[in-house]
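Next come the chains, spelled out residue by residue.
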Amino acid sequence: MPSSPSRLSPVSMAWRGLVVLLCVGVLSVGGLTRSNDLFPFGVLDQFSYGTDPDGEVVNTCLQGIRGDGEPFEIRFGQRTVGIERADVENNLPAIEADPQLLAPLAAEYDRRHPDEPPLSALVLCQRIIQLQDGTAHGEDELIEVTRWEAP
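Residue positions are counted from 1 within each chain, in the order its sequence is given. Residue-level local features of this predicted model are given only where pLDDT is at least 70; pairs of side-chain atoms are given and counted only at 80 or more, and the full residue set underlies all totals for whole chains, interfaces and linings. Hydrogens are left out, water is left out, and the side-chain values use all remaining heavy atoms of the structure.

Engineer: Report on the overall build of the protein, specifying residues and quantitative values.
Structural biologist: Counting secondary structure elements, the protein contains four helices and five strands. Helix and strand labels come from DSSP, where a helix needs a run of H or I of at least four residues and a strand needs a run of E of at least two; each type is numbered from the N terminus. When the helices and strands of the protein are placed in sequence order, the string is α-β-β-α-α-α-β-β-β. Relative accessible area decides the class of each residue, using a 1.4 Å probe on protein chains only: under 20% of the type maximum gives buried, over 50% gives exposed, and in between gives partly exposed. Considering the protein as a whole, with its 151 residues, one finds that 27% of them fall into the buried category. Throughout, a residue-residue contact means that at least one pair of heavy atoms, one from each residue, lies within 4.5 Å. Put simply, 56% of the contacts in the protein that link residues at least 6 apart link residues at least 24 apart. In the form shown here, the protein has an accessible surface area of approximately 10600 Å², with 57% of it arising from carbon and sulfur atoms. Values of accessible area rely on a 1.4 Å probe in the Shrake-Rupley scheme; residue burial ignores everything except the protein chains shown.

So this is what it looks like as structure tokens:
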């Protein structure tokens with residue numbers, strides 16, 4: 001004879017309801033602020049649309065400059081500048097308005113590379129790749145978005 005289902009206690013119902021409300025709240029905050037800070041409950045808009053096979057791909061990039069004035073590529077990440085590319089892209093308007101926001105990235109790079117001369121400038125740039133039939137076509141275009149200069 002099968003047993004009859006038992007009813008949940010009021011405490012169990014309240015606990016489960018609170019968890020559901022908390023999850024909905026976190027999802028709402030992530031969606032309304034367009035932030036991925038609460039990952040995996042953020043907007044994750046990088047997956048929300050495709051790329052036109054005859055369009056362009058825009059990659060945000062960093063270039064460091066030392067005393068010789070020759071720019072060199074700096075990869076985003078915890079081992080180089082202490083921040084990932086997506087976090088910079090999410091704050092791009094604020095960084096464009098105040099390039100001084102790049103100063104902590106330069107300081108972190110210098111801290112992690114003590115045997116190299118310090119950066120005299122840090123350039124936030126975008127590499128634009130034109131696509132034709134879904135593959136890269138022609139030369140990449142490099143555009144400077146903003147620049148931080150060491151004091």
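Alright, that's what it looks like, and here's the rest.
Engineer: Give me the lowdown on the state of the cysteines, citing residues and values where you can.
Structural biologist: The definition used for a disulfide is geometric: two cysteine sulfur atoms within 2.5 Å. Within the structure shown, the criterion is met by one disulfide. With a sulfur-sulfur separation of 2.4 Å, Cys-61 is cross-linked through a disulfide to Cys-125. Here the S-S torsion is close to -140 degrees, and the disulfide linking Cys-61 with Cys-125 is therefore left-handed. Taken as a pair, Cys-61 in strand S1 (residues 56-65) and Cys-125 in strand S3 (residues 121-132) lie far apart in primary sequence, 64 residues in all. Looking at Cys-61, the relative accessible area reads 5%, which means it is buried. Owing to a relative accessible area of 1%, Cys-125 belongs among the buried residues under this scheme.

Engineer: So what about the side chain of Glu-108? Which residues, and what values?
Structural biologist: Mapped onto the fold, Glu-108 is located in helix H4 (residues 103-112). Dropping the residues within four chain positions of it, Glu-108 is found in contact with Thr-80, Val-81 and Gly-82.

Engineer: So, the pairing of strand S2 (residues 71-74): which residues are in play, and what are the values?
Structural biologist: Each regular strand shows side chains that alternate between the opposite faces of the sheet. Every second residue of S2 is oriented toward a common face, the buried set being Phe-72 and Ile-74 and the non-buried set Pro-71 and Glu-73. Following DSSP output, two strands are said to pair if at least two bridges run between them. Note: S1 against S2, four bridges, orientation antiparallel. The residue bridging Ile-65 from the neighbouring strand is Pro-71, located in S2.

Engineer: Could you give me a rundown of unusual backbone geometry, with the residues and numbers involved?
Structural biologist: At Asp-133, a residue that is not glycine, the phi angle is positive and equals roughly 55 degrees. Position of Asp-133 among the secondary structure elements: in the loop between S3 and strand S4 (135-136). The class of Asp-133 is exposed, set by a relative accessible area of 64%.

Engineer: How would you summarise the layout of surface pockets if you had to cite specific residues and measurements?
Structural biologist: Space inside the second largest pocket adds up to approximately 160 Å³. Detection works on a 1 Å grid of protein atoms alone, calling trapped sets that fit a 1.4 Å probe cavities and calling open sets with protein on both sides within 12 Å along at least five of seven lines pockets, with lining residues defined by an atom within 4 Å of a point. Along its surface, the second largest pocket is lined by Asn-59, Thr-60, Cys-61, Glu-73, Ile-74, Arg-75, Phe-76, Glu-84, Arg-85 and Arg-127. For the lining of the second largest pocket, the secondary structure elements donating two or more residues are S1 and S2. No other element matches S1, which puts three residues into the lining of the second largest pocket. Grid points are joined across faces, edges and corners, and a volume is the space filled by probe spheres set on the points.

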